[in-house]
Amino acid sequence: MSDQDATRVLHVKGRVLVGPDDVRDELWAVGGRVTFARPPSADDAVTVSGWALPGLVDAHCHVGLDHHGAVDAATSEKQALDDREAGALLLRDAGSPADTRWIDDREDLPKIIRAGRHIARPRRYTRNYAHEIEPDELVPYVAREARRGDGWVKLVGDWIDREAGDLTALWPRDAVEAAIAEAHRLGARVTAHCFAEDSLRDLVEAGIDCVEHATGLTEDTIPLFAERGVAIVPTLVNIATFPSLARSGEAKFPRWSAHMRRLHARRYDTVRAAYDAGVPVFVGTDAGGVLAHGLVADEVAELVRAGIPPLEALSATTWGARAWLGRPGLEEGAPADLVVYDEDPRADVRVLAGPRRVVLNGRVIA
């Protein structure tokens, strides 16, 4: 950090939403860090005004990935910039074959928590995305990705089985038990892609920490998730693509197509039932495979449409999401990563779609 960077001062005033009920009149960013004490150099500060939130969280996206597989650095940069422009300043990269560690050296790009590379069975996931292995290899591959990632490992829990003509679970129970135990031994949490119903009980009883999509939750498994504290990231903006996927596979896999339509039809009821039961719900878009980056506001609006109270949906991309991922919000000494809006986003989450200013490491960058 240069001497100029170390002394730069930003003054954020108006209404600073440190927490859902903790509203301050102002904060300062000095040398890229938050302080609530007026600094000696305050007279030289750049000032921004409005309703300020901690930088938004997209807890399921894929920087460095498109529908073909890994992308080059320029494309990865564009993906990260699109998230930044939308106010998503903390990303959990839920699986990517690309090496994006260089982004960590860029103070103008969002911070990323990586889950390594997806782990799947041969021919049981999108081509070029995952390590494709057999169950007896799962433990060493989980250990490898636990060391490669930032405290998370990503399994593929279910996918279409061409012989069955429908979604089926990928892993036997004993394999996932051993793999999750190994990840936990190494200090990593485990999440899994799951569309359907069949894999959920085994994964949760094996100790998994999170499930992505979770469209297969039912009245039988929702209480289990709640009891074990297993979080879900519904990615509703991605689930919206299920009808088109079903149409494309109708002729070859009619059972799978019908299943996907059923999962889509009850998606809002599923999310609301999970929330009502006490299952932790967080915001994620699944951007980077097929979807564009920068959809975090759309996903928050989808959670509200599903019946989650607006303040809770807001927390799922701000205070609550950051606490779940172990990253600070707007607290003394934390990186000054925040988004400023013209209106109170607690009153209407659609405000998130139009940030006035984006501040990253104490710099106004958008």
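For the structure itself, look to the data block above.
Source: prediction; values computed, not measured.

Chemist: In this structure, what is going on with the side chain of H62? I would like to understand it.
Modeler: The residue H62 is located in the loop between β5 (56-61) and β6 (65-66) in this model. A distance of 2.6 Å separates the side chain of H62 from the backbone oxygen of G95, its partner in a polar contact. With residues near it in sequence (within four places) discarded, H62 still touches Q79, D93, A94, G95, H118, K154, D286, A287, G288 and H293.

Chemist: Help me out: how do you make sense of the pattern of salt bridges in this one?
Modeler: Pairing is possible between side chains of opposite charge, provided their charged atoms come close. The full count for this structure, using the stated rule, is 29 salt bridges. Linking R24 and D22 is a salt bridge whose minimum nitrogen-to-oxygen distance equals 2.8 Å. R24 sits in the partly exposed class, given a relative accessible area of 30%. One salt bridge in this structure joins D276 and R272, with 2.6 Å as the shortest N-O distance. With a gap of four residues between them, D276 and R272 both fall in helix α10 (residues 267-277), about one helical turn apart.

Chemist: What am I meant to see in the sheet that holds strand β2 (residues 23-30) here?
Modeler: Pairing between the strands of a sheet is mediated by backbone hydrogen bonds and can be parallel or antiparallel. Strand order in this open sheet of seven strands is β3-β2-β1-β4-β18-β19-β20, and the pairing throughout is mixed. Both edges of this open sheet fall to β3 (33-35) and β20 (363-364), since each of them pairs with a single strand only. Of the strand pairs in this sheet, strand β4 (residues 46-54) and strand β18 (residues 338-341) are connected by four bridges, and their pairing is antiparallel. Note on β18: the bridge partner recorded for P54 is L338.

Chemist: What exactly am I supposed to notice about the environment of D337 here?
Modeler: Examined against the element boundaries, D337 turns out to sit in the loop between α13 (319-325) and β18. Along the primary structure D337 and R272 are separated by 65 residues, whereas in three dimensions their C-alpha atoms are 30 Å apart. Non-local contacts of D337, meaning those with residues more than four positions away in its chain, are made with L53, P54, G55, L89, K111, R322, L330, V359, L360 and N361. Polar contacts involving the side chain of D337 include one to the side chain of K111, which spans 2.7 Å.

Chemist: Is there a simple way to think about the packing of helix α8 (residues 242-249) against helix α9 (residues 254-265) in this case?
Modeler: The description of two packed helices rests on the angle between their axes and on the distance between the axes. At a minimum axis separation of 8 Å, α8 and α9 run at an interaxial angle of 170°. Regarding the angle of α8 to α9, the classification is roughly antiparallel. Note on element contacts: α9 touches α8 through P254, W256, S257, M260, R261, L263 and H264, opposite F242, P243, L245, A246, R247 and G249. Of the residues contributing to the contact of α8 with α9, the split by class is eight nonpolar, three polar and two charged.

Chemist: How should I be thinking about unusual backbone geometry in this particular structure?
Modeler: Among all residues except glycine, the phi angle is most often negative; among peptide bonds, the trans geometry is most common. We note that N128 has phi near 75°; this positive angle belongs to a residue other than glycine. As for its placement among the helices and strands, N128 is situated in the loop between β10 (119-120) and β11 (131-132). Since its relative accessible area comes to 45%, N128 is described here as partly exposed. Despite not being glycine, N361 shows a phi value in the positive range, around 55°. Tracing the sequence through the fold places N361 in the loop between β19 (357-360) and β20.

Chemist: Sorry if this is basic, but what is going on with the sheet that holds strand β8 (residues 88-93) here?
Modeler: Pairing is parallel across the open sheet formed by three strands, whose spatial order is β5-β8-β9. A strand with exactly one partner marks an edge of an open sheet, and here the two such strands are β5 and β9 (111-114). Neighbour-to-neighbour, the strand axes of this sheet turn through a mean angle of 20°, independent of strand direction. In this structure, β8 lies alongside β9, joined through four bridges in parallel fashion. Pairing of L90 across the sheet is with K111, part of β9. Of the strands in this sheet, β5 and β8 touch helix α2 (residues 73-85), which is tilted by about 130° from β8.

Chemist: What's the story with the nonpolar core in this structure? I'm lost.
Modeler: Burial of nonpolar side chains together is a common tendency in soluble globular proteins. Ranked by internal contacts, the top residues of the largest apolar core, which has 87 residues, are L138, V153, L155, I208, F225 and L303. Looking at this core, the element that brings in the most residues is helix α4 (residues 173-185), giving five residues. When sequence neighbours within four positions are dropped, the list of residues in contact with L138 reads I119, I133, L155, W171, A175, V176 and A179. By size, the runner-up hydrophobic cluster in this structure holds 14 residues, among which are L10, V18, V340 and V359.

Chemist: Explanation requested: a positive patch on the surface in the structure shown.
Modeler: A cluster of basic side chains, namely R123, R127, R162 and K252, defines a positive patch on the protein surface. Following the sequence through the fold, R162 ends up in the loop between β13 (158-161) and β14 (166-169).

Chemist: Explain the packing of aromatic side chains here, please?
Modeler: Any pair of aromatic rings gets described here by the distance separating the centres and the angle formed by the planes. As enumerated under the stated definition, the model contains six aromatic pairs in all. A centroid spacing of 6.0 Å and a plane angle of 75° characterise the contact between Y125 and Y129, whose relative ring orientation is edge-to-face. With a centroid separation of 4.8 Å and 75° between ring planes, the pair formed by F195 and F242 is classed as edge-to-face. Here F195, found in the loop between β15 (189-194) and α5 (200-205), pairs with F242, found in helix α8; they are 47 residues apart in sequence, far enough to count as distant. On the basis of relative accessibility, which here comes to 0%, the residue F242 falls in the buried class. Each residue in the set Y125, Y129, W159, F195 and F242 is aromatic and connected to the rest through ring pairs, giving one cluster. In this arrangement the basic side chain of R92 is found over the ring face of W152, its NZ or CZ atom lying 4.6 Å from the centre.

Procedures and definitions
- Residues numbered from 1 in each chain as written.
- Predicted model: local features only at pLDDT ≥ 70, side-chain atom pairs only at ≥ 80, totals over all residues.
- Heavy atoms only, no water.
- Helix = DSSP H or I, 4+ residues; strand = E, 2+ residues; numbered from the N terminus.
- Polar contact = N/O pair within 3.5 Å; in protein donor to acceptor, adjacent residues only side chain to side chain.
- Contact = heavy atoms within 4.5 Å.
- Salt bridge = Lys/Arg side-chain N within 4 Å of Asp/Glu carboxyl O.
- Buried < 20%, exposed > 50% of the residue type's maximum accessible area, 1.4 Å probe, protein only.
- Pairing = 2+ DSSP bridges.
- Axes fitted to C-alpha atoms, helices over the stretch in contact; angles between N-to-C directions.
- Parallel < 35°, antiparallel > 145°, perpendicular 65-115°, else oblique.
- Nonpolar A, V, L, I, M, F, W, Y, C, P; charged D, E, K, R; others polar.
- Core = buried A, V, L, I, M, F, W, Y, C linked by side-chain atoms within 4.5 Å.
- Patch = residues over 30% accessible without salt bridge, like charges linked within 9 Å, V, L, I, M, F, W, Y side chains within 5 Å.
- Areas by Shrake-Rupley, 256 points an atom, 1.4 Å probe, with all protein chains shown as cover.
- Lys, Arg positive; Asp, Glu negative; His and termini not counted.
- Charge placed at Lys NZ, Arg CZ, Asp CG, Glu CD.
- Phe/Tyr/Trp six-rings, centres within 6.5 Å; stacked < 30°, edge-to-face > 60°.
- Lys NZ or Arg CZ within 6 Å of the ring centre and 35° of its normal.

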